[in-house]
Amino acid sequence: MIDAPYPELDELLVLIGEAGHRLSEIEASEGAAGNISVYAGWPIDPRRKFPLIETIELPLPMPELVGCTFLVTGSGRRLREVIQDPVANLGCLVVDEGGQTGHLYTSPRRLFKHLTSEFNSHLAVHRDQVSTSKTNFHTVIHAQPPYLTYLSHIPRYQDTTYLNRHIVRWQPESIVQLPEGVGYVPFLVPGSPQLMEATVSALREHRIIVWGKHGVVARSDVSVKRASDRIEYAETGARYEYMNLVANELGEGLAPEEIRAICQALNMEQRVF
Ligand SMILES: [Zn+2]
């Protein structure tokens, strides 16, 4: 939830660009991998930035979110390039009356034909989160950080408890940033309804999930950067874990009682240890 005064469209575009740039710096968005969407629950007039208008079929009905605005990366666009020219890389979607279609506003400099191919998962997560929490702001990011994704190829890490107890043990702030851990969703075909459903349900329990053998999805109702930071924290833990595997598991990691002591000192709840 964001308090008024709400960010201007320009500010949102810059924040999406900065998050995309950072994800690229940590090598979580090679080529055109990854996508970002933002829901804004306050009135935004997109027409000065995005003067071209077309009607598109929504991948799923959104009657709960009529009139709501989404900023979404275009299919095939590179997250690292959004910052250079946000309007060329993003579309602005406003849900029409009835919730079956939307007005898609784009720029004459638009560099894509369609919105991201993972748009069904993005919209389904926004719809679920916004209708349960009534938040006026929500962001969803999909990225492909290599260490987390690599661990998801190793059978014993294909389990939420095992994965978390191993990646959240390397730095004291890991548990603070990921108190409910990272959810694990087994491999499902990208863009499929099955992946969309599994994503919605895993993101009810977690603010970041791993898509097995593919990447991650993070959400935040505070800021775009908060979601990209979460990816960075989880990826850092996975990187330590990978280093430890390569070093014949010489590292101890923080012990569960040390991690519980950190949480006690900060008076915070966690669900991993
Ligand atoms: Zn992907």
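Quantities reported herein were computed from a predicted structural model and do not represent experimental measurements. (Residues numbered from 1 in each chain as written. Predicted model: local features only at pLDDT ≥ 70, side-chain atom pairs only at ≥ 80, totals over all residues. Heavy atoms only, no water.)

### Focus: the overall build of the protein
Assigned secondary structure in the protein consists of nine helices and nine strands. Relative to the globule expectation of 19 Å for 273 residues, the C-alpha radius of gyration of the protein, 19 Å, shows essentially globular dimensions. In the protein, which comprises 273 residues, the share counted as buried stands at 52%. As displayed, the protein offers around 12500 Å² of accessible surface, 50% of which is attributable to carbon and sulfur atoms. (Helix = DSSP H or I, 4+ residues; strand = E, 2+ residues; numbered from the N terminus. Rg over C-alpha atoms; globule rule 2.2 N^0.38 Å. Buried < 20%, exposed > 50% of the residue type's maximum accessible area, 1.4 Å probe, protein only. Areas by Shrake-Rupley, 256 points an atom, 1.4 Å probe, with all protein chains shown as cover.)

### Considerations on the packing of helix α3 (residues 119-133) against helix α7 (residues 193-205)
It is at 9 Å that the axes of α3 and α7 come closest, and there the two elements cross at 35 degrees. For the crossing formed where α3 meets α7, the hand is right-handed. In contact with N120, S121, A124, V125, D128 and Q129 of α3, α7 contributes P193, L195, M196, T199, V200, L203 and R204. For the contact of α3 with α7, a count of residues per class yields seven nonpolar, four polar and two charged. (Axes fitted to C-alpha atoms, helices over the stretch in contact; angles between N-to-C directions. Left-handed = near helix turned anticlockwise from the far one by under 90°. Contact = heavy atoms within 4.5 Å. Nonpolar A, V, L, I, M, F, W, Y, C, P; charged D, E, K, R; others polar.)

### A closer look at the nonpolar core
Ranked by size, the top nonpolar core spans 50 residues in total, and within it L71 and I231 carry the most contacts. What L71 contacts, discounting residues up to four positions off in sequence, is L9, L12, L13, I16, I36, S37, V38, F50, G91 and C92. One finds M62, L115, V130 and V200 within the second-largest nonpolar core, a separate group that totals 29 residues. (Core = buried A, V, L, I, M, F, W, Y, C linked by side-chain atoms within 4.5 Å.)

### A short note on the packing of aromatic side chains
Counting across every chain of the model gives seven aromatic pairs. Here the aromatic rings of Y6 and W42 are separated by 4.7 Å at their centres, their planes lie at 10 degrees, and the arrangement is stacked. Here W42 lies in the loop between β1 (35-40) and β2 (52-57) and Y6 lies in the segment before α1 (9-25), a separation of 36 residues in the sequence. Measuring from centroid to centroid gives 6.5 Å for W42 and F137, while their planes differ by 15 degrees, and the two rings are stacked. Of the two residues, W42 sits in the loop between β1 and β2 while F137 sits in strand β6 (residues 137-143), which places them 95 residues apart along the sequence. Like F137, W42 is buried. One aromatic cluster is present, built from ring pairs that chain together Y6, W42 and F137. (Phe/Tyr/Trp six-rings, centres within 6.5 Å; stacked < 30°, edge-to-face > 60°.)

### Description of α3
The periodicity of an α-helix, 3.6 residues per turn, causes residues three or four places apart in sequence to face the same way. If you check α3, its first and last C-alpha atoms are 21 Å apart, about what 15 residues at 1.5 Å a residue would give, namely 21 Å. In terms of burial, α3 is a largely internal element, 11 of the 15 residues being buried. Of the residues making up α3, those classed as buried are F119, N120, S121, H122, L123, A124, V125, H126, D128, Q129 and V130. Two residues or fewer after α3 comes K134, characterised by a positive phi angle close to 60 degrees. (Expected span 1.5 Å × (residues − 1).)

### Looking at the environment of V185
Checked against the element boundaries, V185 lands in strand β7 (residues 183-185). Overall, V185 belongs to the buried group, its relative accessible area being 3%. Between the C-alpha atom of V185 and that of D159, which follows or precedes it by 26 residues, the distance is 8.6 Å.

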